[in-house]
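Chain residues, written in single-letter form:
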Amino acid sequence: YLPKSRPGEKSFQDVTAYGDLSLEDAVALGYPVNTASAKLEYSSNVLKLSQASVTSDGSRVDLMGSLNTDTQIVDASFDLKGFELARLQDVFGDYFALSGVGSVIGNISGALDNMKGVIDAKVDGLAINYEKFDRAEAHFVYDDGMFSSFSVSAARAGQSLDLSGT
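Residues numbered from 1 in each chain as written. Predicted model: local features only at pLDDT ≥ 70, side-chain atom pairs only at ≥ 80, totals over all residues. Heavy atoms only, no water.

The next point concerns the overall build of the protein chain. Of the regular secondary structure elements, the protein chain holds one helix and 11 strands. The order of α-helices and β-strands along the protein chain, N terminus first, is β-β-β-β-β-α-β-β-β-β-β-β. Relative to the globule expectation of 15 Å for 166 residues, the C-alpha radius of gyration of the protein chain, 20 Å, shows a markedly less compact shape. Projected onto its principal axes, the C-alpha coordinates of the protein chain cover approximately 65 × 40 × 25 Å. Residue burial in the protein chain is summarised as follows: out of 166 residues, 19% are buried. Within the protein chain, counting contacts between residues at least 6 apart in sequence, those at least 24 apart form 28% of the total. (Helix = DSSP H or I, 4+ residues; strand = E, 2+ residues; numbered from the N terminus. Rg over C-alpha atoms; globule rule 2.2 N^0.38 Å. Buried < 20%, exposed > 50% of the residue type's maximum accessible area, 1.4 Å probe, protein only. Contact = heavy atoms within 4.5 Å.)

Here's what the structure looks like:
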């Protein structure tokens, strides 16, 4: 490690590090975390996150990815399952009641200052103000600092609503 590296010289040279992280019964962003674990590796200027998962009140998110510390290029994915939408009720207050179980799969890639991302979401048992929906899905693409396209689909009692845009 060179704490006072000269211009063009890297602070970290020939560094390799490995580690495991494990937490139980914690709180993050105001939400309870039952368990959290991850494996980290740093080698050849690449930080890798693998086998990362967080569980909280029946939901689970799995993460994996890498960040090249030289090029600032990221490549990561996540998978959220079992998220009870009722947990968001404090955010919406009395405006409307929300329930259902959500799942989201996504990935991000590219330079940190211009990442691209794709997110696919689905809600089973969606109810908004106690009106139940048979199906609810969404797809978002983030590119060049904005959502470049989206589609949302919901079905209820034989009727469907499909929205999309760029």
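The structure having been displayed, the exposition proceeds.
Right, let's get into the side chain of Asn45. Here Asn45 lies in the loop between strand 2 (31-43) and strand 3 (46-56). A polar atom in the side chain of Asn45 sits 3.4 Å from the side chain of Tyr42. (Polar contact = N/O pair within 3.5 Å; in protein donor to acceptor, adjacent residues only side chain to side chain.)

Once that is clear, we can look at the pattern of salt bridges. All told, the structure shown has six salt bridges when counted by the stated rule. With a closest N to O distance of 2.9 Å, Asp62 and Arg60 form a salt bridge. Residue Glu131 is joined to Arg156 by a salt bridge in which the shortest nitrogen-to-oxygen separation is 2.3 Å. With Glu131 in strand 8 (residues 131-132) and Arg156 in strand 10 (residues 146-156), the pair connects residues that are 25 residues apart, well separated along the chain. Exposure remark for Glu131: the relative accessible area of 38% places this residue in the partly exposed category. (Salt bridge = Lys/Arg side-chain N within 4 Å of Asp/Glu carboxyl O.)

Let us look at the packing of aromatic side chains. In total, this model carries three aromatic pairs according to the counting rule given. Where Tyr142 meets Phe147, the ring centres are 5.4 Å apart and the plane angle is 75°; that geometry is what we call edge-to-face. The partly exposed category is assigned to Tyr142, whose relative accessible area is 32%. Among the aromatic residues, those joined into a cluster by ring pairs are Phe140, Tyr142 and Phe147. (Phe/Tyr/Trp six-rings, centres within 6.5 Å; stacked < 30°, edge-to-face > 60°.)

Bringing the side chain of Ser56 into the picture now. Mapped onto the elements, Ser56 comes out in strand 3. Residue classification places Ser56 among the buried residues on the basis of a relative accessible area of 8%. At a separation of 2.9 Å, a polar atom in the side chain of Ser56 contacts the side chain of Arg87. When near neighbours in sequence (up to four residues on either side) are disregarded, Ser56 contacts Pro32, Val33, Asn34 and Arg87.

The phi dihedral of Asn45 falls on the positive side, at around 65°, and the residue is not glycine. We note that Asn129 has phi near 50°; this positive angle belongs to a residue other than glycine.

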